[in-house]
Amino acid sequence: MKYCKLHSLIIVLFLSLLFSFCQAQSLIDTHIYRNPLFPTEQRVNDLLSRMTIEEKVGQMNMPCVYKQRIGWGLDLGPVSIHRQMTMEERLKQMEGCRKFARGDHNIQIGQGGGFFTLADRIIYEGTLKQAEFFNELQKIALTESRLGIPVLQIEEGTHGFMCAGGTVFPEGLAIGSTWNMELVNRMYSAIAKEARSTGVHVLSTLVVEPNRDPRLGRNQEGYSEDPYLCSVIAENIVEAIQGYDVSGKDKTVAALCHFPGQSEPVSGLERGSMEISERELRDVFLPPWVAGIKKHGALSVMATYPAIDYVTVHSSEKILKGILREELGFKGIVLSEGMGITTLIDEHMVATEKEAGQLAAMAGVDVGISMEDAYLGKLVESVKEGRIPVKAIDDAVRNILYVKFKLGLFENPFVDPGYADSVVNCEEHKMLALQVEREGIVLLKNEKNVLPLMKDIKSVAVIGPLADADMDQIGDYIPHNIPQDIVTPLEGIRSKIKVGAKVNYVKGCDVIGYGLNEINKAKEIARKADVAIVVLGEAGNSTNGEGHDVASLDLTGMQDELLKAVQSTGTPVIVVLINGRPLSINRAAENSQAIVEAWMCGEQGGNAIADVLFGDYNPGGKLPVTVPRHSGQLPSYYNHSKTKAGKNYVDMKGTPLYEFGFGLSYTTFEYSNLNISPLEINSGGEIEVSVEIKNTGKLRGDEVVQLYLNDVLSSVTTPVKELKRFSRVTLVPGEKKEVKFKLLPEDLALLNAEMRFEVEPGSFEVEVGSSSYDIKLKGVFDVKK
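Residues numbered from 1 in each chain as written. Predicted model: local features only at pLDDT ≥ 70, side-chain atom pairs only at ≥ 80, totals over all residues. Heavy atoms only, no water.

On to the overall build of the protein. Secondary structure summary: the protein contains 25 helices and 24 strands in total. For a compact globule of 785 residues, the expected C-alpha radius of gyration is about 28 Å, and the protein comes in at 27 Å, within 12% of that figure. Dimensions of the protein along its principal axes, counting C-alpha atoms only, are 80 × 70 × 50 Å. Considering the protein as a whole, with its 785 residues, one finds that 63% of them fall into the buried category. The contacts in the protein between residues at least 6 apart in sequence include a share of 76% that link residues at least 24 apart. (Helix = DSSP H or I, 4+ residues; strand = E, 2+ residues; numbered from the N terminus. Rg over C-alpha atoms; globule rule 2.2 N^0.38 Å. Buried < 20%, exposed > 50% of the residue type's maximum accessible area, 1.4 Å probe, protein only. Contact = heavy atoms within 4.5 Å.)

Structure below.
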């Protein structure tokens, strides 16, 4: 290993010296774009002026490397290989990547702009090999292409650097459940460090849009149903990944997804149209984008699949130019979705790929990621035939080159493979993954304080299809090859039990289907145990995640029957949930003694779950989404209109099973001394709110203090309440802290009848508490005319 690292370092030093020599030569060259002394805009314009239309369209292509066209040529359609590739296939794709970086892959376009998810798809050997191949491609691009433009490497970063060896953090709702923005920031900083050190420049599928319909499988990737919570997470993601200088060795571009939203499709189905009003678009879906782009300067977004208000986003100048660039001030790259340009044909907006490319280019889609014909030779033809102006292409390429210059790729294109190998999945990042999952676990029920369990317990039955299913607990957007250990709940539980105690395990059934039936075996071991831990939920990449939508939120397969059988034994039952969406777990809620919501829990999930079960960590997570009783209640988000409040169905309650913001602890907290100052302001004024929180129990614990606002009377309908501030506070027994919040005019503003944001005069009710329902203290302030 030392030899490999030394060998890699020597190669990097050689490449750097060679490149430094070339740079020195370029300083006396007349090519402004090669000279770092010139402003970025001037360098971009100079390079753009030297490019042919074929080279410009080449830059607009950064294909996913699972597209066979890379290795087999354009005669093959845009076919995907989603399984692990054979060695022969990988070698073929690698050679295709070399040609693409050089500019001789095909005769339709020039040198390619970069690649999407390259290393994960074709380099399974680990970090050293990945970094070395990225360096090789950069050397080819810089020294063997006509203009020497570095390639941009894009990889998924949803909940980890998605390459072999990358740390697999908890996903989506587990992250949202932490309500800890410092921890979120640290997590995404670690992901960016792993990515950039390996040679990746953009992290994608950072799903900041509010999670509004849990039936949609992709909502596994999102963090919360609440616009404000999503906004604060978006700010921290961009700050962590990009920082103030994206050219830094540990920083990458943040590609926020999916602009401007896709999480509330018709019938909850993937790519279904978003039939929402402009008011809902601006009130609910745009706030995270305002936070990530306008306030923190995110340099990439991915356009969403669905039509919004019956117009496909890949063809919408209003959305991609009017809102994104003009209103939000976006300066970066707009990526297409996978085969996203073809959605214009699917939606019957155009009949041909050529027409689809014209619409997408005019709308402002800068980069195609699927080698669709629409963005290859047919786009070149469209320009030469005068069907679209060359300015549309120039605008896209200018955005691409701007980001490449901002990343410093023309000056520092290479990475140190040895450094990358020391960073990726290092011990610090493993421990960080453990802490994120610990803080993201939500205790939903704890009847008679059955938890935490004693470590000297004599016998434990561990049951369920997810108790020992490592690949099912980590979610989607995970590496195709994961060399490190994934700790399952069974392994975590066994590590806690004292020597001599019995831990018996029966799978019981599969997550979905009826092929395996071990229910009687499960009953038998439960009957003989002191406690039964039943691990149920969803398989992160087969019953949840992208393309895995559901009509019902009930447990799938025979899981409910398994739980009923175990409960019938009379043994105390603790349910552990591993899932990417909220589930209507009515049987568990009614008849189990405890419920632990672990979500998609990452590579350290089993250890975190065991820490909570046996009291080594006191759970403090809170639900970032509402848990409905039944899918018939949808939509079920907490910030509904006032007219819905208090309504019931004929056949069940209208209230959720567990409300937004809910979560129990092994200790107790007391709220007191709410202070609001001043009690009256004008429309531009600020409000300070403070409250005292005390740990009145016997254990150290975390409480998430939540502040909601209710606009009492307004000119348009407003939600019954809206989250405006929160703080996760750690307290030892007997400790008291004052928590302070500041409310700004933007927190009080509504979108009025003229579709303008305005702070209206009137009363605002302040609600502070432990959840959206469990309000401990209330107060009122007034905005005067």
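Right, picking up where we left off after that structure.
One pass over the full model with this rule turns up 48 salt bridges. A salt bridge links K391 to D395; the nearest nitrogen and oxygen atoms lie 2.8 Å apart. A residue pair is termed a helical-turn pair when its members lie 3 or 4 positions apart in one helix, as K391 and D395 do in helix 17 (residues 390-406) at four residues. K391 sits in the exposed class, given a relative accessible area of 54%. (Salt bridge = Lys/Arg side-chain N within 4 Å of Asp/Glu carboxyl O.)

Attention now moves to the sheet that holds strand 15 (residues 669-677). Here we have three strands laid out as an open sheet, ordered 15-17-20, and antiparallel in their pairing. Single-partner strands in this sheet number two, and they are strand 15 and strand 20 (736-743). Between one strand axis and the next, the sheet turns by 20 degrees as a mean value, whatever way the strands run. Pairing analysis gives seven bridges linking strand 15 to strand 17 (residues 687-695), with the strands arranged antiparallel. The residue of strand 17 that forms the bridge with E670 is K694. (Pairing = 2+ DSSP bridges. Axes fitted to C-alpha atoms, helices over the stretch in contact; angles between N-to-C directions.)

All right, on to the pairing of strand 11 (residues 502-506) then. As defined by bridge partners, strand 10 (residues 459-463) adjoins strand 11 across five bridges and the pair is classed as parallel. By the bridge assignment for strand 11, S459 is matched with K502. Chirality of the crossover, the property in question, places the unit of strand 10, helix 20 (residues 489-496) and strand 11 among those that are right-handed. (Right-handed = clockwise from strand over helix to strand, strands pointing away.)

Mapped onto the elements, K785 comes out in the segment after strand 24 (775-783). Of the residues examined, K785 reaches a relative accessible area of 92% and is grouped as exposed. Separated by 26 residues in the primary sequence, K785 and V759 have C-alpha atoms spaced 9.8 Å apart.

A general trend in soluble globular proteins is that nonpolar side chains are found buried together. In terms of nonpolar packing, the biggest core is built from 136 residues, with L118, Y188, F259, L320 and I393 touching the most fellow members. No other element matches helix 9 (residues 181-198), which puts nine residues into this core. Filtering out sequence-adjacent residues up to four positions away, Y188 remains in contact with G157, T158, I175, L206, Y223, I237, A240 and I241. Within the second largest apolar cluster, 37 residues are counted, among which are V534, M558, L563 and L657. (Core = buried A, V, L, I, M, F, W, Y, C linked by side-chain atoms within 4.5 Å.)

This part covers the side chain of R98. Positionally, R98 belongs in helix 5 (residues 87-102). The exposure class assigned to R98 is buried, which follows from its relative accessible area of 17%. Contacts of R98, omitting those with residues within four sequence positions, involve F133, E136, L137 and I140.

This brings us to the sheet that holds strand 3 (residues 202-207). Reading across the sheet, the six strands line up as 1-2-3-4-5-8 and stay open at both edges, with parallel pairing between neighbours. The outermost strands of the open sheet, each flanked by one partner alone, are strand 1 (114-116) and strand 8 (333-335). Going across the sheet, the axis of each strand differs from the next one's by a mean of 25 degrees, ignoring polarity. Across three bridges, the pairing between strand 4 (residues 253-259) and strand 5 (residues 300-303) is parallel. When the bridges of strand 5 are listed, F259 appears paired with A303. The sheet contacts of helix 10 (residues 227-241) involve strand 3 and strand 4, and relative to strand 4 the element is tilted by about 150 degrees.

Scanning all chains against the criterion turns up 11 aromatic pairs. When the ring of Y638 is compared with that of F660, the centres are 4.4 Å apart and the planes differ by 10 degrees; the resulting orientation is stacked. Of this pair, Y638 sits in the loop between helix 24 (605-613) and strand 15 while F660 sits in the loop between helix 24 and strand 15; the two residues are 22 residues apart in sequence, bridging distant segments of the chain. With relative accessibility at 6%, the residue Y638 sits in the buried group. With centroids separated by 5.5 Å and ring planes inclined at 10 degrees, the aromatic side chains of F764 and F781 adopt a geometry described as stacked. Here F764 is found in strand 23 (residues 762-769), whereas its partner F781 is found in strand 24, with 17 residues between them in sequence. Each member of the pair F764 and F781 is classed as buried. Positioned above the aromatic ring of Y637 is the side chain of R212, whose terminal nitrogen or guanidinium carbon lies 3.5 Å from the ring centre. Here the guanidinium or amino end of K721 rests over the ring plane of Y708, the centre of that ring lying 5.8 Å away. (Phe/Tyr/Trp six-rings, centres within 6.5 Å; stacked < 30°, edge-to-face > 60°. Lys NZ or Arg CZ within 6 Å of the ring centre and 35° of its normal.)

Before going further, it helps to spend a moment on helix 9. Residue pairs three or four apart in sequence face the same way in an α-helix, which turns once every 3.6 residues. Counted at 1.5 Å a residue, the expected span for helix 9 with its 18 residues is 26 Å, and the 26 Å between its end C-alpha atoms agrees. The buried fraction of helix 9 is high, at 14 of 18 residues. One side-chain oxygen of the residue at the start of helix 9 lies 3.2 Å from the amide nitrogen of E182, identifying that residue as N180. The first or second residue beyond helix 9 is G199, which carries a positive phi of 120 degrees. (Expected span 1.5 Å × (residues − 1). Polar contact = N/O pair within 3.5 Å; in protein donor to acceptor, adjacent residues only side chain to side chain.)

Our next topic: the environment of A539. Along the chain, the position of A539 falls in the loop between strand 12 (531-537) and helix 22 (559-567). A relative accessible area of 3% means that A539 is categorised as buried. Measuring from C-alpha to C-alpha, the distance between A539 and Y244 comes to 38 Å, with 295 residues separating the pair along the chain. Excluding residues that lie within four positions of it along the chain, A539 makes contacts with D472, V511, N544 and M600.

This paragraph deals with unusual backbone geometry. Along the chain, C257 connects to H258 via a cis peptide bond; the corresponding omega equals -15 degrees. Looking at the secondary structure, you find H258 in strand 4. Each neighbour pair has its own omega, and for L634 with P635 the value is 0 degrees, a cis peptide bond. Along the chain, the position of P635 falls in the loop between helix 24 and strand 15. With phi around 60 degrees, H348 is a residue other than glycine that occupies positive phi space. Backbone geometry places M755, a non-glycine residue, at a positive phi of 65 degrees. Tracing the backbone through its elements, the reader meets M755 in the loop between strand 21 (750-751) and strand 22 (757-758). Residue class for M755 comes out partly exposed when judged on its relative accessible area of 31%.

What follows is about helix 10. A rise of 1.5 Å per residue sets the reference length of helix 10, with its 15 residues, at 21 Å; its end C-alpha atoms lie 21 Å apart and thus fit the reference within 8%. Of the residues making up helix 10, those classed as buried are P227, L229, C230, S231, V232, I233, A234, N236, I237, V238, A240 and I241. Sitting at the head of helix 10, D226 places a side-chain oxygen 3.0 Å from the backbone nitrogen of Y228.

A grouping of D468, D470, D485 and E491 is seen on the molecular surface, where their side chains present a negatively charged patch. Relative to the assigned elements, D485 resides in the loop between strand 10 and helix 20. Overall, D485 belongs to the exposed group, its relative accessible area being 65%. (Patch = residues over 30% accessible without salt bridge, like charges linked within 9 Å, V, L, I, M, F, W, Y side chains within 5 Å. Areas by Shrake-Rupley, 256 points an atom, 1.4 Å probe, with all protein chains shown as cover. Lys, Arg positive; Asp, Glu negative; His and termini not counted. Charge placed at Lys NZ, Arg CZ, Asp CG, Glu CD.)

Helix 12 (residues 287-294) packs onto helix 10 with a crossing angle of 20 degrees between their chain directions and a minimal axis gap of 8 Å. For the element pair helix 10 / helix 12, the angle class is roughly parallel. Taken as a pair, helix 10 and helix 12 cross one another with a handedness that is right-handed. Between helix 10, through P227, C230, S231, A234, E235 and V238, and helix 12, the contact on the second element is made entirely by P287, P288, A291 and G292. Residue classes in the contact of helix 10 with helix 12 are distributed as seven nonpolar, two polar and one charged. (Parallel < 35°, antiparallel > 145°, perpendicular 65-115°, else oblique. Left-handed = near helix turned anticlockwise from the far one by under 90°. Nonpolar A, V, L, I, M, F, W, Y, C, P; charged D, E, K, R; others polar.)

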